[in-house]
Amino acid sequence: MNNYFVILAAGKSKRFHKNITKQFYNYKNKEIIDHSIEKSLNSKFFKKIIIVTNNLNHFKKKKYPKSIKIIKGGKERSDSSLKALKYLKRYKPKNVFIHDAARPNFSINLLKKIVKNLKNSKAVVPVISSKDSIKYKIKKQVYNLNRNNSFLTQTPQAFRFKELYNLAIKEKNKVNDEATLLLNQNHKVKFIQGENQNNKITYIDDIKISKTFFGIGFDIHRLIKNKKLYLGGVKIPFHSGLKGHSDGDVILHAIIDAILGARQKKDLGTYFPNTKKFKNIRSPKMLKPIIDSLYKSNFSINNLDINLICEQPKVSKYRNKIINSISKLTDLNKNQINLKGKTVEKLGLIGKEKAIACEVIISITKYD
């Protein structure tokens, strides 16, 4: 394929942050620009990838394959685009893709769609519909724009090289994207469905990522006669119950400790010590203030993974009841809760049916 990919990364990012250049900001474990570089490489669609930048020194530290070329950018976006086209002319490309480095979330599947549509078109541009109501102003009058007749353009935009080059050479005014060059001269552009996740990063708030934390909880209690057995807030018919200062519900205790662990808030005993006040307390009453505090602090639970470790009772018999109970106690959807039964092959106190243990892993996310 005689395709070439241009990544425009020469902007100063003044709207993003006064001290940070947007395209080099770390996003999803790599620099923003690296997402576009890797996807264009991995697609195998391009003979060469041209990076246009005003920070050549930044790229000296990086090792790229020979197919990647770094060139000096211009003052405006359209200047950088023209410099890339002039540089590419020596390779006699058939097609050129122009992409903004500030769009790291496009998919290789979008590239495939563009390549496919470019076979029978001179220009292919991905677009999406606006989710917002759009207004525009003429003098002092404000009008509504019909959303059904308007759309938002994205990159990468793909073109027959010769047509785009000839238009770019002649254009004297600044343009916001390459599609404008064709539209201004009444050339036909094929618009295809873009991707909602292919958003352009303009402000630092556009990439504020919620922080996710993990916690591990564990609890074990002996089984004793003449006590009711509670697991996950459910009363289980059994010959013995769990010994403890409370009702001994190992599942809820492990969930509490997992939450506290994820939040670095010590342990269950810190909040519910072995005092007269908490003697024989039911575990749902212990869980409630912990859950309330979690949600009031702008955390949400992503999922709970629970291992109930015992020989008897069999978890499969009570799984749905226990999950339903935990769902109600935590306000979680049932599909966010997983409960597994594990035995210890008759080993130790658990193997002799003298104890039950539980371990829980939780994932929680912090929102602003």
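Here the structure is a predicted model, which means the values were calculated and not measured.

Reading the values: rules and limits
Residues numbered from 1 in each chain as written. Predicted model: local features only at pLDDT ≥ 70, side-chain atom pairs only at ≥ 80, totals over all residues. Heavy atoms only, no water. Helix = DSSP H or I, 4+ residues; strand = E, 2+ residues; numbered from the N terminus. Rg over C-alpha atoms; globule rule 2.2 N^0.38 Å. Contact = heavy atoms within 4.5 Å. Areas by Shrake-Rupley, 256 points an atom, 1.4 Å probe, with all protein chains shown as cover. Lys, Arg positive; Asp, Glu negative; His and termini not counted. Charge placed at Lys NZ, Arg CZ, Asp CG, Glu CD. Buried < 20%, exposed > 50% of the residue type's maximum accessible area, 1.4 Å probe, protein only. Pairing = 2+ DSSP bridges. Phe/Tyr/Trp six-rings, centres within 6.5 Å; stacked < 30°, edge-to-face > 60°. Lys NZ or Arg CZ within 6 Å of the ring centre and 35° of its normal. Expected span 1.5 Å × (residues − 1). Salt bridge = Lys/Arg side-chain N within 4 Å of Asp/Glu carboxyl O. pLDDT = per-residue confidence, 0-100. Polar contact = N/O pair within 3.5 Å; in protein donor to acceptor, adjacent residues only side chain to side chain. Axes fitted to C-alpha atoms, helices over the stretch in contact; angles between N-to-C directions. Parallel < 35°, antiparallel > 145°, perpendicular 65-115°, else oblique. Left-handed = near helix turned anticlockwise from the far one by under 90°. Nonpolar A, V, L, I, M, F, W, Y, C, P; charged D, E, K, R; others polar.

Focus: the overall build of the chain
Stage number 1. Looking only at helices and strands, the chain has 11 helices and 19 strands in total.
Stage number 2. The C-alpha radius of gyration computed for the chain amounts to 30 Å, which surpasses the reference 21 Å derived for 368 residues by more than 25%, pointing to a less compact arrangement than a globule.
Stage number 3. Along the three orthogonal principal directions, the C-alpha set of the chain runs to about 90 × 55 × 40 Å.
Stage number 4. Across the chain, every contact between residues at least 6 apart in sequence was considered, and the portion connecting residues at least 24 apart equals 70%.
Stage number 5. Carbon together with sulfur atoms contributes 48% to the accessible area of the chain, which is approximately 20900 Å² in total.
Stage number 6. Measuring between centres, the 76 positive side-chain charges of the chain sit 5 Å from its 27 negative side-chain charges.

Notes on the pairing of strand 6 (residues 95-100)
Stage number 1. Burial of strand 6 is extensive: 6 of the 6 residues sit out of reach of the surface.
Stage number 2. On strand 6, burial covers both faces: N95, F97 and H99 on one face and V96, I98 and D100 on the other are all buried.
Stage number 3. The pairing of strand 1 (residues 3-9) with strand 6 spans 6 bridges and is parallel. In the sheet register, Y4 faces strand 6, and the bridge partner there is V96.
Stage number 4. Bridge count between strand 6 and strand 11 (residues 157-160): 4 bridges; the pairing is antiparallel. Looking at strand 11, one finds that F97 is bridged to A158.

Focus: the packing of aromatic side chains
Stage number 1. The full count for this structure, using the stated rule, is 14 aromatic pairs.
Stage number 2. Note on Y136 and Y143: the rings are 5.5 Å apart at their centroids and 25 degrees apart in plane angle, and the pair reads as stacked.
Stage number 3. Aromatic ring contacts, followed pair by pair, group F5, F45, F46 and F97 into a single cluster.
Stage number 4. Stacked on the ring of F106, the Lys or Arg K39 has its end atom at 5.0 Å from the ring centre.
Stage number 5. The ring of Y230 has R282 sitting right over it, with the charged end atom 3.9 Å from the ring centre.

Some remarks on helix 3 (residues 77-88)
Stage number 1. Helix length check: helix 3, at 12 residues, gives a terminal C-alpha distance of 17 Å against a target of 16 Å (1.5 Å per residue), a fit within 8%.
Stage number 2. Residues R77, S78, S80, S81, A84, L85, Y87 and L88 constitute the buried set of helix 3.

Quick notes on the pattern of salt bridges
Stage number 1. Scanning all chains against the criterion turns up 9 salt bridges.
Stage number 2. Salt-bridge contacts for K62 lead to E31; the nearest nitrogen and oxygen are separated by 2.6 Å. You can see K62 sitting in the loop between helix 2 (56-60) and strand 5 (68-72) and its partner E31 sitting in strand 3 (residues 30-31), a full 31 residues away along the chain.
Stage number 3. Of the residues examined, E31 reaches a relative accessible area of 17% and is grouped as buried.
Stage number 4. The shortest N-O distance in the salt bridge between K122 and E163 comes to 3.8 Å.

A word on the confidence of the model for the chain
Stage number 1. When pLDDT is averaged along the chain, the result is 93, and 99% of the positions lie at 70 or above.
Stage number 2. Strand 2 (residues 26-27) is the least confidently modelled element of the chain, averaging 86 in pLDDT, while strand 6 averages 98, the highest of any element.

Some remarks on the side chain of N3
Stage number 1. With respect to the helices and strands, the residue N3 is situated in strand 1.
Stage number 2. When its relative accessible area of 3% is taken as the criterion, N3 is described as buried.
Stage number 3. A polar contact is formed between the side chain of N3 and the side chain of N95, at a distance of 2.8 Å.
Stage number 4. Other than its neighbours up to four places away in sequence, N3 contacts F45, F46, K47, K48, N95 and F97.

Let's talk about the packing of helix 7 (residues 250-262) against helix 9 (residues 283-296)
Stage number 1. Viewed as axis vectors pointing N to C, helix 7 and helix 9 meet at an angle of 20 degrees, and their least axial separation amounts to 10 Å. Here helix 9 runs roughly parallel to helix 7, going by the angle between their axes. Here the hand of the crossing between helix 7 and helix 9 comes out left-handed. For the pair helix 7 and helix 9, the contacting residues are L252, H253, I255, I256, I259 and L260 in the first and S283, P284, M286, L287, I290, I291 and L294 in the second.
Stage number 2. Here the residues of the contact of helix 7 with helix 9 sort into 11 nonpolar, 2 polar and no charged.

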